[in-house]
Amino acid sequence: MKEIEKLYRLYFKDVYKYLRSITHDESLSEELLSDTFFKAMQSFHNFRGECDVRVWLCQIAKNLYFSHLKKYKKQAVIEEDVGSSKEISVEELLCDNESAFEIHQILHNMKEPYKEVFSLRVFGELTFRQIGTLFGKTEHWACVTYHRARNIIIGDLENEN
C-alpha cells in the first residue's frame, strides 16, 4: 500500500496531464486518474519493471480511457434506441425537482463517508484534494469514495425504475 501512495505522490500530476491531453475533459480526467491508481494498486504485483513506472501508469490510464469510450459509445447507442440523445448524469438529475428528491432520499439513507463526500463534492463544490484533507485522507481516497457514492445513487435510481 505504501508503494502505491508513493507512486501516486510521484506521478499523479504526470498521469493527470496525460489524461487531460487525451480526454480534453477535466472531470473525466479526474475520474480516470482515480481509476488508474486503483487499478495500479490491484495489479502492482504484475508490474515487471520492463518500462518506466510512469509509462506503465499512462498505459493503464489510456486503456481505461478507451474502455470508457467503448462504454460511452454503447450507452449512446442504447439511449438513441430509447429516444434519448444524451446521457443524463446524477448532477443533471438534481436540477429536476422530482429526481432531486429521489436522490436526496437515497443520500439520506446512504452510509458515511459516501453521503458526506458526495454532498461536499456536488453541493459544496469542493475539490477531491479539499475533501481528502477534511477527512485526513488522500485526494485519491476522496475521488474513489465519491465515485462509489455516485454509483450507489445510480444503482438505486435504476432499481426504482
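Up top you'll find the structure we're talking about.
Rules behind the numbers
- Residues numbered from 1 in each chain as written.
- Predicted model: local features only at pLDDT ≥ 70, side-chain atom pairs only at ≥ 80, totals over all residues.
- Heavy atoms only, no water.
- Helix = DSSP H or I, 4+ residues; strand = E, 2+ residues; numbered from the N terminus.
- Buried < 20%, exposed > 50% of the residue type's maximum accessible area, 1.4 Å probe, protein only.
- Expected span 1.5 Å × (residues − 1).
- Polar contact = N/O pair within 3.5 Å; in protein donor to acceptor, adjacent residues only side chain to side chain.
- Salt bridge = Lys/Arg side-chain N within 4 Å of Asp/Glu carboxyl O.

**Student:** Please give an account of the environment of Gln42 that cites residues and values.
**Tutor:** One can find Gln42 in helix H2 (residues 26-43). We classify Gln42 as partly exposed; its relative accessible area is 48%. Considering only alpha carbons, one finds Gln42 and Ile4, 38 residues apart in sequence, at a separation of 9.7 Å.

**Student:** Account for H2, naming residues and giving values.
**Tutor:** Counted at 1.5 Å a residue, the expected span for H2 with its 18 residues is 26 Å, and the 25 Å between its end C-alpha atoms agrees. If you check which residues of H2 are buried, you get Leu28, Ser29, Glu30, Leu32, Leu33, Ser34, Thr36, Phe37, Ala40 and Ser43. For H2, the N-terminal cap is Asp25; the gap from its side-chain oxygen to the backbone nitrogen of Ser27 is 3.0 Å.

**Student:** Run through the pattern of salt bridges, naming residues and quoting values.
**Tutor:** Opposite charge on two side chains allows them to pair when their charged atoms are near. Per the stated rule, a full pass over the model turns up three salt bridges. For Asp14, the salt bridge identified is with Arg54, shortest N-O distance 2.9 Å. On the criterion of sequence distance, the pair formed by Asp14 in helix H1 (residues 2-23) and Arg54 in helix H3 (residues 53-82) is long-range, its members being 40 residues apart. The exposure class of Asp14 is partly exposed, given its relative accessible area of 26%. The class for Arg54 is partly exposed, based on a relative accessible area of 35%. With a closest N to O distance of 3.2 Å, Arg129 and Glu139 form a salt bridge. One end of the pair, Arg129, is in helix H7 (residues 128-135); the other, Glu139, is in helix H8 (residues 139-160), and 10 residues separate them in sequence. Using a relative accessible area of 22% as the deciding quantity, one classes Glu139 as partly exposed.

Function-wise, these values are silent; they only describe arrangement.
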